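Residues per chain are reported as follows:
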Amino acid sequence: MADPKENDVQDLKLVSARIAGLGTALPARVMTNKDFEQIIDTTDEWIVQRTGMRVRHYVGPDQGISEIAVEAGRRALADAGVAPEEVELLILATATPEQPIPSTASIIQPILGVKNAVCFDIAAACSGFIYALQIARQFIATGEVKTAMIIGAEALSRYSDFTDRATCVLFGDGAGAAVLQACEPGDGVLACAWHTDGNYSEIIQMPGGGSKYPPNVKEHIDARLPFIKMRGNEVFKLAVRAFNEVCQEVLDRAGVSIDAVDWFIPHQANQRIISAVGDRLGIPAEKVYVNLEKVGNTSSASIPLAMREAADSGALKRGDLVLMAAFGGGLTWAASLVRW
Ligand code: COA
């Protein structure tokens, strides 16, 4: 008699997952390089030359991430033509949740009306959108879920240290959401790869605000613990290597060469990182989508923000092969190859 476990596996009808809808949202407040010139010792020229960034959006004084997450989620549902009740799984990736308890996914569930969804947050920093895609895709592939929503939403300005000029200029706020649905194998998400190396957990971190150094202790605030800290040079080198390796891995998994890729949409960390990765991969700059000059580094929201803009501008067309990749605190890094 056959091993029942073996039969179970053989009986699984694996399907793929496709991005059926994409929505984004940016908060209204704008922070330019000139604005930074007023508060730190910097220049527009330095920021543009070292990062490529010119403008970021910041949440307002009474805003967390829920408003922009909901706005992005509603737009993704409308784009997909999917009713909120159809969503069975909502994964929200963020480094800056609305509050520690409950999850931001739970907070926005009733507002979005996704009443049939299991909702939770994940923490994978800038790789959060691809991590969420990879998780949701597994549930869709096994048939457990037919429609899922993933959201990357951040209010990094809340934790930017405006006394640290090398770090505070980099980050912006925003949200991006995707509705994922089952599709035929060979369509939608063709391959994903994801990695973590906690040995480097200290090179991008926010030491305070959690259980070790809670935010309700004055000494922790005075020591500037609940602020983003980064060793920029180390991050830069590791990021270039990790981006390159994970992109190669995902191309190999899908059996596709870089020449077949129509668009490379990387996490918008820094223009110089993106250019170095593009060169290493051997993809022409015209196929690399960059919008960081308008939004900065929005962590888990950055890939959907770039992707939505690419589609709206007509650059990204249905059927295009898109390579997306991300790198961030953890360290985490991930890539995915998707038929748009
Ligand atoms: N304006 C003006 N000067 C600045 C500055 C600013 N905003 N920030 C740093 N500097 C100065 C430094 O103080 C230093 O001055 P010094 O030589 O007198 O000491 C000089 O610029 C060079 O600093 P350095 O840190 O070597 O610059 P850099 O070329 O590495 O650029 C980053 C700094 C942060 C832009 C760069 O390291 C980077 O992008 N790293 C990756 C960050 C990232 O993407 N993180 C997120 C990953 S998800």
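Heads up: the structure comes first, above all this text.
Residues numbered from 1 in each chain as written. Predicted model: local features only at pLDDT ≥ 70, side-chain atom pairs only at ≥ 80, totals over all residues. Heavy atoms only, no water.

### Here we look at the side chain of Asp44
What counts, and what does not: Under the scheme used here, helices are H or I runs from DSSP no shorter than 4 residues and strands are E runs no shorter than 2 residues, and both carry numbers assigned from the N terminus. Using a 1.4 Å probe on the protein chains alone, a residue whose accessible area is under 20% of its type maximum counts as buried, one over 50% counts as exposed, and one in between counts as partly exposed. When charges are counted, neither His nor the chain ends are considered; positive counts come from Lys and Arg and negative counts from Asp and Glu. In what follows, salt bridge is the name for a side-chain nitrogen of Lys or Arg lying within 4 Å of a carboxyl oxygen of Asp or Glu. Any N or O atom pair separated by 3.5 Å or less is treated as a polar contact, with the protein-specific requirement of one donor-capable and one acceptor-capable atom, and with residues adjacent in sequence counted only for side-chain atom pairs. Should any heavy atoms of two residues lie within 4.5 Å, those residues are considered in contact.
Mapped onto the elements of the fold, Asp44 is located in helix H3 (residues 44–51). One buried charged residue, Asp44, forms no salt bridge at all, with the nearest opposite charge on Arg54 at 4.7 Å. A polar contact of 2.9 Å, which involves the side chain of Asp44, links it to the side chain of Asn33. With residues up to four places along the chain from it excluded, the contact list for Asp44 reads Asn33, Lys34 and Glu37.

### Topic: the state of the cysteines
Each disulfide consists of a covalent bond between the sulfur atoms of two cysteine residues. Going by this rule: We call a pair of cysteine sulfur atoms a disulfide when they lie within 2.5 Å.
Within the structure shown, the criterion is met by 0 disulfides. No disulfide involves Cys192; its sulfur sits 12 Å from the nearest other cysteine sulfur, which is in Cys247. On the accessibility criterion, Cys192 (2% relative accessible area) is buried. Accessibility expressed as a relative area gives 0% for Cys247, which makes it buried.

### Observations regarding the packing of aromatic side chains
Using the following cut-off: Ring pairs are drawn from Phe, Tyr and Trp, using the six-membered ring of Trp, whenever the two centres fall within 6.5 Å, and their geometry is named by plane angle: stacked under 30 degrees, edge-to-face over 60, tilted for the rest.
Under the counting rule described, the total for this entry stands at 5 aromatic pairs. With centroids separated by 5.1 Å and ring planes inclined at 75 degrees, the aromatic side chains of Tyr131 and Trp194 adopt a geometry described as edge-to-face. Highlighted residues: Tyr131 in helix H6 (residues 128–141) and Trp194 in strand E8 (residues 189–196), separated in sequence by 63 residues. The exposure class of Tyr131 is buried, given its relative accessible area of 12%.

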